[in-house]
Amino acid sequence: MFVANYVYSESMREENGKPVIINPLTMICPFAVPTNYSFYFSVGVQDIPINGEVKLLFQFLDPSGQKVLEQLFTLPNIPESSLNGGKAGIQINVALQNVVLKQSGVYTTKLSCNDDVLGEFPIEVIPNGKNDG
């Protein structure tokens, strides 16, 4: 099993049953920290086992490695009739609302499946000090 794609974004919407990523983020730039900030992430995972229970754990960690939040997804069994070339994959889109960012620095989303780490995805929080309003 592996992560095929991962992106942070400012927003996301659905168009004709497909997700549309709006303003991909390479960093988060709030006016100041600490702050509450809302953003999205989208992740594609390939080669998912079709037999047995599959649990995906998302952990958002602060620069010191402390958990800011976590979410566990238990995937449903995948019928063999829906496989593409004998392989199973999933695209998960998640809205993170009012996440507490206590400090600037590099935050990380850690993705694990059944206790095996699939990947870690950093994003830097840098206050911009500008008032665009």
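Up top you'll find the structure we're talking about.
Residues numbered from 1 in each chain as written. Predicted model: local features only at pLDDT ≥ 70, side-chain atom pairs only at ≥ 80, totals over all residues. Heavy atoms only, no water.

## Re the sheet that holds strand β4 (residues 35-46)
Part 1: A sheet is described by the order of its strands in space; here four strands give the open sequence β2-β1-β4-β7, paired in antiparallel fashion. Of all strands in the sheet, those bounded by a partner on one side alone are β2 (18-25) and β7 (89-101). Recorded for the sheet is a direction-independent mean angle of 50° between the axes of neighbouring strands.
Part 2: In this structure, β4 lies alongside β7, joined through 11 bridges in antiparallel fashion. Opposite Tyr40, over in β7, you have Ala95 as the bridge partner. (Pairing = 2+ DSSP bridges. Helix = DSSP H or I, 4+ residues; strand = E, 2+ residues; numbered from the N terminus. Axes fitted to C-alpha atoms, helices over the stretch in contact; angles between N-to-C directions.)

## Notes on the nonpolar core
Part 1: One finds Tyr8, Phe39 and Val43 to be the most contacted residues of the largest nonpolar core, which totals 29 residues.
Part 2: Secondary structure elements with two or more residues in this core: β1 (2-15), β4, β5 (54-61), β7, β8 (105-113) and β9 (116-125).
Part 3: In this structure Phe39 touches Tyr8, Ser9, Glu10, Leu25, Ile28, Phe60, Val94, Ala95, Leu96 and Val99, once residues within four positions along its chain are discounted. (Core = buried A, V, L, I, M, F, W, Y, C linked by side-chain atoms within 4.5 Å. Buried < 20%, exposed > 50% of the residue type's maximum accessible area, 1.4 Å probe, protein only. Contact = heavy atoms within 4.5 Å.)

## A few points about empty space enclosed by the protein
Part 1: Across all of its chains, the model carries one cavity of 30 Å³ or more by this definition.
Part 2: What the largest cavity holds in volume is close to 30 Å³.
Part 3: What lines the largest cavity is Pro49, Ile50, Gly52, Val54, Leu75, Pro76, Asn77 and Ile78.
Part 4: Looking at the lining of the largest cavity, its residues break down into six nonpolar, two polar and no charged. (1 Å grid on protein atoms, 1.4 Å probe; cavity = no way out; pocket = protein on both sides within 12 Å on 5 of 7 lines; lining within 4 Å. Points joined across faces, edges and corners; volume = space filled by probe spheres on them. Nonpolar A, V, L, I, M, F, W, Y, C, P; charged D, E, K, R; others polar.)

## Thoughts on the side chain of Thr109
Part 1: Looking at where Thr109 falls in the secondary structure, it is placed in strand β8.
Part 2: Side chain to side chain, Thr109 and Tyr6 meet in a polar contact 3.2 Å long.
Part 3: Beyond its immediate chain neighbours, meaning those up to four positions away, Thr109 contacts Tyr6, Tyr8, Phe58, Gln59, Phe60, Gly119, Glu120 and Phe121. (Polar contact = N/O pair within 3.5 Å; in protein donor to acceptor, adjacent residues only side chain to side chain.)

## Quick word on unusual backbone geometry
Part 1: With omega at 5°, the peptide bond leading from Val33 into Pro34 counts as cis.
Part 2: Along the polypeptide, Pro34 turns up in the loop between β3 (27-28) and β4.
Part 3: One non-glycine residue with positive phi stands out, namely Asn16, at about 55°.
Part 4: What makes Asn16 exposed here is its relative accessible area of 78%.
Part 5: In this structure, Asn114 is a non-glycine residue whose phi angle is positive, near 50°.
Part 6: On the secondary structure map, Asn114 appears in the loop between β8 and β9.
Part 7: A relative accessible area of 39% means that Asn114 is categorised as partly exposed.

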